[in-house]
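Architecture and fold: a report
Read off the chains here:
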Amino acid sequence: MKKEENGNGRDEMVIDGSEEREGNAVPEGLNVNYLKLYYGKLFPHADIHKWMSYGNDGKHPGCDQSYFGRREFSFTLDNDIYLRFQSFNSASELENSIKEKCPFKIDIGPVYSVDPSKRHAYAQTGDNVFTPVERELIFDIDMTDYDDVRYCCAGADVCLDCWPLMTIAIKVIDTALRDDFGFNHILWVYSGRRGVHCWVCDGKARRLTNEQRAAIADYFHVYKGNENSQKKVSLTGAALHPFLARSYTEVLRNFFETKLLSSQNLFSTEERYEKILDMIPDESLTSELRGKWQDNKRSTSSKKDIDSIRWEQLKTMLQSGKQKVQGLRRCVEEIVFSFTYPRLDMEVSKHMNHLLKAPFCVHPKTGRICVPIDPNECEEFNPTTVPTLATLLEELNMGGVRQEVNDELDRTSLGESIRFFRSSFLQPLLKSCKEEIESSYNTKLQRSKNSLTW
Amino acid sequence: METVRTQRKPLSKEVVVPTLPLYRSPPSLEVRLEDFELFAIDRLRVLKGISDGLSRGKKHEEMEQLEKDLWNKNMRHPQASEIANKDIISHFVLRLVYCRTEELRKWFLSMETALFRYRFRQESAEAQRALMAEFDLPYKAVGSAEFESLRDKLGQVSRSIGQPLPTADAIFYKVPFEEVPELVAGRRVFLHKGHAYIASNQVVSLVGTQFRSHLSKALILTNRKWTSTVREQEKDRLTPIVEALCTSYLGPDYSQPKGFAEISVKDINELARSSFPLCMRHLFEKLKEDHHLKHGGRMQLGLFLKGVGLKLDDALMFWKAEFSQKVSAERFDKEYAYGIRHNYGREGKRTDYTPYSCQKIILSTPGVGDHHGCPYRHFSDENLRAALSKMGVNSRAVEDVMDKVRNRHYQLACTLTFEAVHASSCDSGINHPNQYFSDSQKLLQPKSTQF
């Protein structure tokens, strides 16, 4: 019931701070003419079609030729006109429509039981024929949800000091999707401004029911932040679930202590450390720590390591032998989880009919391309150096002399992203789709043979 | 039920006959028309009782007792031999009654599954295994080598959910995680490469899911049969009974404002102060303060206001007046007006959406920046105390409310708040924010305006 709204109705913050660059022939921002060029020369239409066909565009008799045509695309046009339920029967139909309409944003929805553009024809039957039947399992992680734990930026801005929060999210979720849930075909994409999207594309992920999707989202749901409760994470029980324990020891603790503690100066001011002390439900302990830190104002320790010194003091205090009080046991973990654990937009993952922006779109506000992120190298990913529409066109212009048609991608910095998309995601995915189509076809054949001879 | 078991003498010691049927095929016996109706009403009492218990947030043990009492009270039969038949007949009659709309199917599915799970847990271990076999589940117990290699992890999970450590002879089943969504959601199982390792006392989740999905499919088929042939064939006999049965027991859904005339925008402030439950009051105040609410809040408050009697045009005016202090009128029309019209069934699917019930609100998961949800569940202690005293609840009553909250009786907490604010008792309890509103209005409005 919320689908219409959530496609683009999420509260977009106003962005400022478009970067000024010197000697740049192409101005920043989104210009319809540049976008046309991008869709004309660089956007990987064919790859998107290949991907969304999941092997059904082949010649094998087991292929479902209607599959791609039942997928919903939706376009946001220049003047904020929003076209939902677009569908295409072939790669060229998709490509032509994109080139013609030149959408500022392309969203991808579910595969429906029938062609979504003809949904009205089926609506009369009243028997709810028009319903989503397949959809990637998706996750949407947005930096604005972390505003209470980052002091470097707020709202739509990100910088290299807070981006590690996204790195953590990728590491924690990616590992669990693979090791716990057994998924293999996972695509991580930069959302173009301040977050990441995740597409889980295995056959069994696409066929999950809403209830199963909700179960996975809840499995990941640890951070229960809402505006009216101080304690955002509460870890009870005598042990942590293996998933949480692994996330803590392999990712969260390390990032908290080596990166965020100092990059966000989590203990540097009274206001900041009070926020952490609030999470400790023991008055005597917190007042002791507070005393130490207030007196410490003019102490010798340099400003630089004040965060780690105070963190160590807090840990020693909480974990020292005499403090084995119930409820304090997990306090250190709870603090780390509060400041690092991934915060998912739950609703996006729970329902099949949520739309998500397609990879390789241009973010309308930043001009950055929504490029894939390699989860194995996600620590190296730098959102501030992602190619923008402007830089790409500049690169195209620069090589304008030596005209080789197929070479256009390679001339730009997008080439690397597309190569990664193909080799690490698309090819392995299509290989397994093919195998799946063949094996399910063979079982069907076998079954019908059996029933014949019988 | 005991008698049934003794009547059918087990052939050998190994064969255990569970008293719990899976309702795979309709009974092929003759039923007297009056039994048809009476049995169904008795079962409906059980299901309705379960539904009430759940919406009151009863705890697991309380539900267990409730289900036991309901079953024993309603599903008796003077002839012991008829008990099993009554069980099966009543189930199939209610299938006919509750197959006819999505809403009815959903309710019936939830309640029958809850009942099935309760009854499954009452069965002996052997009977449980026999039922599992009847479902034809291909899952084998985890072998001892695999068990040993995973024992640490399984132990870790047990400790994390406060269960005793698995013993050396504990039985675990390895099943696809998709089969046990509720165990996955609660992190109550160890997951590895797509498999969930479930302990023998968790098998009920697995069979419960199976039961539910079988019944769900069966209801769709029954619906098809009903609309295509049965309704017409039985129009003088069963159809009237079936159609009368379902309406009598489901509570009002508050999709149409009842009892009170429309309200207008100028009254909202006053009504919010006097008759809104805390969840709506809070959203309302935040809206006035921030001139904005996120999606979840807009839905929860918007549908409530619709149920209270705010007409679409007034709703648009009301939201626009608030939002336009922060966003341009143009942006409001473009981004938010659609959602409001959608709630009133004028856009998209054109469904006239019903206001959220307490159960739905309690189960929601407000995130960063969200103000929706149930304050009794989602507020911290201090914030809740502050909010209650702001509503004018005296400190002694606040303690009573907090006590209910600690025991996770959120709706009882809300009921106590109602009673404190109105200085009047509320025997029916609060099950729906719109019920809170209408009960409040009944008390506040002078008798003469009521009919």
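Values in this document were obtained by computation on a predicted structure and should not be read as measured data. (Residues numbered from 1 in each chain as written. Chains lettered and ligands numbered in written order. Predicted model: local features only at pLDDT ≥ 70, side-chain atom pairs only at ≥ 80, totals over all residues. Heavy atoms only, no water.)

Here the focus is the interface of chain A and chain B. Opposite the 47 residues of chain A that make contact, chain B presents 48 residues. Remark: the boundary between chain A and chain B carries 2 salt bridges. Between A:Asp80 and B:Lys334 there is a salt bridge, and its shortest N-O distance comes to 3.3 Å. One can count 11 residue pairs in polar contact (both at pLDDT 80 or more) joining chain A with chain B. Elements represented by at least two residues in the side of chain A that touches chain B include exactly α1 (3-8), α6 (164-180), α8 (210-219), α9 (242-263) and α14 (346-350) of chain A. The greatest single-element share of the side of chain A that touches chain B, amounting to 6 residues, is contributed by α8(A). (Contact = heavy atoms within 4.5 Å. Salt bridge = Lys/Arg side-chain N within 4 Å of Asp/Glu carboxyl O. Polar contact = N/O pair within 3.5 Å; in protein donor to acceptor, adjacent residues only side chain to side chain. Helix = DSSP H or I, 4+ residues; strand = E, 2+ residues; numbered from the N terminus.)

With that out of the way, let us pick up the state of the cysteines. Residues and elements named next belong to chain A. A complete count under the given rule lists 0 disulfides over all chains for this structure. Of all cysteine sulfurs, the one in cysteine 361 lies closest to cysteine 370, which takes part in no disulfide; the gap is 5.7 Å. Cysteine cysteine 378 remains unbridged, with the sulfur of cysteine 198 as its closest cysteine sulfur at 12 Å. Note on cysteine 378: relative accessible area 2%, which makes it buried. (Disulfide = S-S within 2.5 Å. Buried < 20%, exposed > 50% of the residue type's maximum accessible area, 1.4 Å probe, protein only.)

What follows covers the pattern of salt bridges. Overall, the coordinates contain 48 salt bridges over all chains when judged by the stated rule. The salt bridge partner of A:Arg84 is A:Glu72, with a shortest N-O separation of 3.0 Å. Here A:Arg84 is found in strand β2 (residues 82-86), whereas its partner A:Glu72 is found in strand β1 (residues 71-76), with 12 residues between them in sequence. Its relative accessible area of 13% is what places A:Arg84 among the buried residues. With relative accessibility at 0%, the residue A:Glu72 sits in the buried group. One salt bridge in this structure joins B:Glu232 and B:Lys235, with 3.6 Å as the shortest N-O distance. A single salt-bridge network, built from bridges that share partners, covers B:Arg43, B:Asp87, B:Glu112 and B:Arg119.

The subject of this paragraph is the packing of helix α10 (residues 270-277) of chain A against helix α11 (residues 283-295) of chain A. All names here are of chain A. Two elements in contact, α10 and α11, have axes separated by 11 Å at closest approach and are oriented at 165°. Between α10 and α11, the interaxial angle falls into the category roughly antiparallel. Relative to α11, the crossing made by α10 is right-handed. Between α10 and α11, the contacting residues are Glu270, Tyr273, Glu274 and Leu277 on the first element and Thr286, Leu289, Arg290, Trp293 and Gln294 on the second. Taken together, the residues of the contact of α10 with α11 break down into 4 nonpolar, 2 polar and 3 charged. (Axes fitted to C-alpha atoms, helices over the stretch in contact; angles between N-to-C directions. Parallel < 35°, antiparallel > 145°, perpendicular 65-115°, else oblique. Left-handed = near helix turned anticlockwise from the far one by under 90°. Nonpolar A, V, L, I, M, F, W, Y, C, P; charged D, E, K, R; others polar.)

Turning to the sheet that holds strand β7 (residues 195-200) of chain A, a few remarks are in order. Residue and element names in this part refer to chain A. Across the sheet, 4 strands lie side by side as β5-β7-β6-β9; this open sheet has antiparallel pairing. Both edges of this open sheet fall to β5 (137-142) and β9 (372-373), since each of them pairs with a single strand only. Relative to the sheet, α6 contacts β5, β6 (186-190), β7 and β9, its axis offset from that of β6 by approximately 170°. (Pairing = 2+ DSSP bridges.)

Any functional reading would require information that these geometric values do not contain.
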